[in-house]
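Understanding the architecture of this molecule
The primary structure of each chain is shown beneath.
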Amino acid sequence: MSTTAMDVRAAVDAVPLWYHTIDLPGGVTTPGAFDLRGLIDKFPWPDVRGKRCLDVGTYDGFLAWELERRGASEVVATDIPNHEDWDWPAGARAQGGAALAKLAGPEKGKGFRTAHEALGSKVQRREISVYHLSPEEVGTFDVVVCGSLMLHLRDPVRALEAIRSVCTGEFMSLEEISLGMTLRHPRRPVAELRFDDELCQWWVVNTAGHRRMVEAAGFEVLRQTRPYVEPYGEAHPKPSKAPGELARTVTRKVTTGDDGVPHAGLLARPRLQAPPVRV
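These remarks concern the structure in this document. Because the structure is a prediction, the values reported are computed rather than measured.

**A closer look at the pattern of salt bridges**
What the rule picks out here adds up to 15 salt bridges. For Arg37, the salt bridge goes to Asp35, with nearest N and O atoms at 2.8 Å. Residue class for Arg37 comes out partly exposed when judged on its relative accessible area of 35%. Taken together, the salt bridges that share partners define one network made up of Asp23, Asp35 and Arg37.

Structure, rendered in structure tokens:
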């Protein structure tokens, strides 16, 4: 192993918890909780070449690095500055940040900075909540992408409205969905209030609900993917073998061909005119 590869490996090993599985120089791969590498072609990407792009809730930066690789002229990646800044439910607000710091380390964004240096990236990282996005704060973007964020927010439609305020072109949204509710209600928008204090999870929707939230925030949906799963990575805890979980695993594999967390993607653009008001 070359000195450079050894340095990259040492830097990767110094990150307590990786969320994304990322290929870095020297044959080094981060041990992420989720592995999105095989899903790249399933995402509804717009053409980003020569465009100013924004990755919202970047975490370790997987989507930001892909935007840069695809030829974006400028990429800005945003995330909250501290673990305490998650949209914690009231019952977990006092201790949630400290508990997450024990698991992921006290330095929020260390994985992003490590990958950024290893890749020699020019992506700019901004510490700002999705709720506070505005043209005055970050400018506007030709393309905006956001992955696996809305279930962690108390008010996902408000967050999507903030994204809408800075998006002048196309918006790619990749979000966790309920596979069961999607199969039972393929056309009716449905949401489950999961309310998981430990994982800071609020709302999980079906594919119709995902589409409707984006539309409610002022977007017009151009296309939507079939459900897929984000495969578990090396750092993800082993799935439970309880009977209920085994049944859900079988459903995921039969429906999507793989196991992981069910997601759906869509591509949208800002709606130019408000829909007519029904009276």
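**So, the layout of surface pockets**
When its volume is computed, the second largest pocket comes out at roughly 200 Å³. Among the elements that make up the lining of the second largest pocket, the one with the highest residue count is helix α2 (residues 62-69) (5 residues). Residue classes in the lining of the second largest pocket are distributed as 5 nonpolar, 1 polar and 5 charged.

**Some words on the nonpolar core**
Membership of the largest hydrophobic core comes to 34 residues, with the highest contact counts inside it found for Phe43 and Trp45. Within the residue set of this core, elements represented by two or more residues are α1 (3-13), β4 (32-34), α2, β6 (74-79), α4 (110-119), β8 (141-147), β9 (167-176) and β14 (261-270). Among the elements that take part in this core, α2 stands out by supplying 5 residues, more than any other. For Trp45, the residues in contact, after removing those within four places along its chain, are Ile40, Leu63, Glu66, Leu67, Arg70, Val145, Met172 and Arg223.

**Notes on the pairing of strand β11 (residues 201-205)**
The buried count for β11 comes to 4 of 5 residues, which makes it a mostly enclosed element. Note that strand β10 (residues 191-196) and β11 share 4 bridges and pair antiparallel. Bridge assignment links Ala191 to a residue of β11, and that residue is Val205. Taking the residues between adjacent antiparallel strands as the criterion, β10 and β11 are bridged by 4 residues, where Cys200 takes a positive phi near 50°.

**Some words on helix α8 (residues 207-216)**
If you check which residues of α8 are buried, you get Thr207, Ala208, Gly209, His210, Met213 and Val214. Of the surrounding secondary structure, the elements contacted by the buried residues of α8 are α6 (156-166), β9, α7 (179-184), β11, β12 (219-224) and β14. A positive backbone phi angle near 105° is found at Gly218, which sits one or two residues after α8.

**Comments concerning the environment of Arg154**
If you trace the backbone, Arg154 turns up in the loop between β8 and α6. Among residues more than four places away in sequence, those in contact with Arg154 are Asp87, Arg93, Tyr131, Trp202 and Trp203.

**Examining the packing of aromatic side chains**
Under the defined criterion, the tally for this structure stands at 9 aromatic pairs. Grouping aromatic residues by their ring pairs yields a cluster made of Tyr19, Phe34, Tyr59 and Tyr232. Sitting over the face of the ring of Tyr131, Arg158 holds its NZ or CZ atom 4.2 Å from the ring centroid.

**Focus: empty space enclosed by the protein**
Taken as a whole and judged by the stated rule, the model has 2 cavities of 30 Å³ or more. Put simply, the largest cavity is a space of about 110 Å³. Lining the largest cavity are 13 residues; nearest its centre among them are Leu17, Tyr59, Gly109, Lys110 and Gly111. Empty space within the second largest cavity amounts to approximately 40 Å³. Residue lining of the second largest cavity: Met150, Leu151, Glu175, Glu176, Trp203, Val204, Val205 and Met213, and that is the complete set. Tallying contributions element by element places β11 first for the lining of the second largest cavity, with 3 residues.

Procedures and definitions
- Residues numbered from 1 in each chain as written.
- Predicted model: local features only at pLDDT ≥ 70, side-chain atom pairs only at ≥ 80, totals over all residues.
- Heavy atoms only, no water.
- Salt bridge = Lys/Arg side-chain N within 4 Å of Asp/Glu carboxyl O.
- Buried < 20%, exposed > 50% of the residue type's maximum accessible area, 1.4 Å probe, protein only.
- 1 Å grid on protein atoms, 1.4 Å probe; cavity = no way out; pocket = protein on both sides within 12 Å on 5 of 7 lines; lining within 4 Å.
- Points joined across faces, edges and corners; volume = space filled by probe spheres on them.
- Helix = DSSP H or I, 4+ residues; strand = E, 2+ residues; numbered from the N terminus.
- Nonpolar A, V, L, I, M, F, W, Y, C, P; charged D, E, K, R; others polar.
- Core = buried A, V, L, I, M, F, W, Y, C linked by side-chain atoms within 4.5 Å.
- Contact = heavy atoms within 4.5 Å.
- Pairing = 2+ DSSP bridges.
- Phe/Tyr/Trp six-rings, centres within 6.5 Å; stacked < 30°, edge-to-face > 60°.
- Lys NZ or Arg CZ within 6 Å of the ring centre and 35° of its normal.

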